[in-house]
Amino acid sequence: MLPPVETDEQWDAVVPDESVMRPAVEDLCGRLGLAGAPLVRFPEGTQPVYAVGDEHVLKLFPGAAARDGVAEGQVLSHVEGRLPVATPRVRACGPYENGWRYVLMSRLPGASLAHCWDRIPPADRERLVAGIGEALAVLHSLDPGPLEDVLGPGDWGAFLDRRRECAVEQQRTRGLPAAWLEQIPEFLDSVPLPRAPRRSLLHTEVMRQHVLVDVDADGWRLTGLFDFEPAMVGDRAYDFVAVGLFVNQGEPALQTRLATAYGHAFAPDELLAYTLLHVYSDLPRYLRELPVPTTGTLPALAEAWFGTA
């Protein structure tokens, strides 16, 4: 019931169109034994994702992203019950039609940390960030070997070389001013990144939008971590880009609490280098949303965004 989606044009024509997507989702739910369950599409996210009743979530992957569907299903199965924070349990996954794939998973309790952040007291924010640090420590300790065949990038040094080659152009296309662009090559030259690090399973996008929380008489607590679709195997420091930018947002006290809970503090220059090399890096956006030092240099920016108290 879903047409093939292999190009950006097909994606734009099909994925946002509920008159196309919803009948197919209803059909797939019927095949999975969930016929008649209420469907609510989540507004966020790249892939189409639906709440199926109160207990399930159905995530679909068009042919252009089919490999991501395979990866998410396998990563979720690999980490199930092994982290100090809950992750979705895979109920079913596999091919659908015309190259599409799906993952049916359990629905986690709680509300988005992004929606709740402004009303969370500072002490509870620190406790939540500590929980994230503890979860990352366990995630990075897991053996990624069983996932090596479905997760990239393979050779970490070659990945860094590819990202380095396009780093300046990627930021230029996003509108980064020349005063920042011209600093990138020299800054990257000054930061030694490991070409063959201890291989760790990385989430890569631990941000408020992918963390669930709840509150009770004892305060706020983590209830879930999800969206393992962009998972990778590589240097563990890479995972701290998203946490620093999108959870802590340059707050030194939170960076300190994160590092303490994780058991290791990464150098700010190292984390900014990985920010510039990140697959989804968008420095102009971060400059709009985060504090910017008056000196206007990348080393100062590294300290402002990733420094500890």
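Residues numbered from 1 in each chain as written. Predicted model: local features only at pLDDT ≥ 70, side-chain atom pairs only at ≥ 80, totals over all residues. Heavy atoms only, no water.

> What am I meant to see in the sheet that holds strand β3 (residues 56-61) here?
Paired through their backbone hydrogen bonds, the strands of a sheet run either parallel or antiparallel. Strands sit in the order β1-β2-β3-β5-β4 across an open sheet of 5 strands; the sheet is antiparallel. Every interior strand has two partners, whereas the edge strands, β1 (39-41) and β4 (90-95), have only one. Taking the axes of each pair of neighbouring strands and ignoring which way they run, one obtains an average angle of 20 degrees across the sheet. Strands β1, β2 (49-52), β3 and β5 (101-106) of the sheet are contacted by helix α2 (residues 18-31), whose axis makes an angle of about 135 degrees with β1. (Pairing = 2+ DSSP bridges. Helix = DSSP H or I, 4+ residues; strand = E, 2+ residues; numbered from the N terminus. Axes fitted to C-alpha atoms, helices over the stretch in contact; angles between N-to-C directions. Contact = heavy atoms within 4.5 Å.)

> Whenever I open this one, the nonpolar core confuses me. Can you help?
By size, the foremost hydrophobic cluster in this structure holds 78 residues, and its most contacted members are Leu151 and Trp305. Sorting elements by how many residues they give to this core places helix α9 (residues 240-248) first, with 7 residues. Other than its neighbours up to four places away in sequence, Trp305 contacts Gly244, Leu245, Gly250, Gln255, Leu272, Leu283, Tyr286, Leu287, Leu290 and Pro291. (Core = buried A, V, L, I, M, F, W, Y, C linked by side-chain atoms within 4.5 Å. Buried < 20%, exposed > 50% of the residue type's maximum accessible area, 1.4 Å probe, protein only.)

> What should I look at first to understand the packing of aromatic side chains in this one?
The geometry of two aromatic rings is summed up by the distance between their centres and the angle between their planes. In the structure shown here, the tally under the stated rule is 10 aromatic pairs. On the basis of an interplanar angle of 75 degrees and a centroid distance of 5.7 Å, the ring pair of Phe246 and Tyr286 is categorised as edge-to-face. Of this pair, Phe246 sits in helix α9 while Tyr286 sits in helix α12 (residues 283-289), placing them 40 residues apart in sequence. Of the two residues, Phe246 and Tyr286, both sit in the buried class. Residues Tyr286 and Trp305 carry aromatic rings whose centres are separated by 6.3 Å and whose planes lie at 80 degrees to one another, so their mutual orientation is edge-to-face. Residue Tyr286 is located in helix α12, and its partner Trp305 is located in helix α13 (residues 298-306); the two are separated by 19 residues in the primary sequence. (Phe/Tyr/Trp six-rings, centres within 6.5 Å; stacked < 30°, edge-to-face > 60°.)

> I would appreciate a short explanation of the side chain of Ser200 in the present structure.
Tracing the backbone shows Ser200 in strand β7 (residues 200-202). A relative accessible area of 0% places Ser200 in the buried class. Setting aside chain neighbours within four positions, we find Ser200 in contact with His140, Met232, Val233, Gly234 and Arg236.

> I tried to follow the pattern of salt bridges on my own but got confused; where do I start?
Close approach of charged atoms allows side chains of opposite charge to pair. Counting across every chain of the model gives 17 salt bridges. With a closest N to O distance of 3.4 Å, Arg285 and Glu289 form a salt bridge. Pair noted here: Arg285 and Glu289 are both in helix α12, with a separation of 4 residues, about one helical turn. For Arg285, a relative accessible area of 29% puts it in the partly exposed group. Sharing partners across several salt bridges, the network here consists of Lys59, Glu72, Asp227 and Glu229. (Salt bridge = Lys/Arg side-chain N within 4 Å of Asp/Glu carboxyl O.)

> Even after reading the chapter, I still don't get the pairing of β2, so can you show me in this structure?
Every other side chain in a regular strand lies on the same face of the sheet, so the side chains alternate between the two faces. Because side chains alternate across β2, one face comprises the buried residues Val49 and Ala51, and the other comprises Tyr50 and Val52, equally buried. Summarising the sheet, β1 and β2 pair through 3 bridges and their orientation is antiparallel. Within β2, the residue paired with Val40 across the bridge is Ala51.

> It is not clear to me how unusual backbone geometry should be interpreted in this structure. Could you clarify?
With the exception of glycine, most residues fall at negative phi, and the peptide bonds are largely trans. Between Gly152 and the following residue, Pro153, the backbone shows a cis peptide bond with an omega angle of 0 degrees. On the secondary structure map, Pro153 appears in the loop between α5 (122-141) and α6 (156-173). In this structure, Asn98 is a non-glycine residue whose phi angle is positive, near 50 degrees. Judged by relative accessible area, Asn98 falls into the partly exposed class, the value being 43%. A positive phi angle is found at Asp227, which is not glycine, with a value near 65 degrees.

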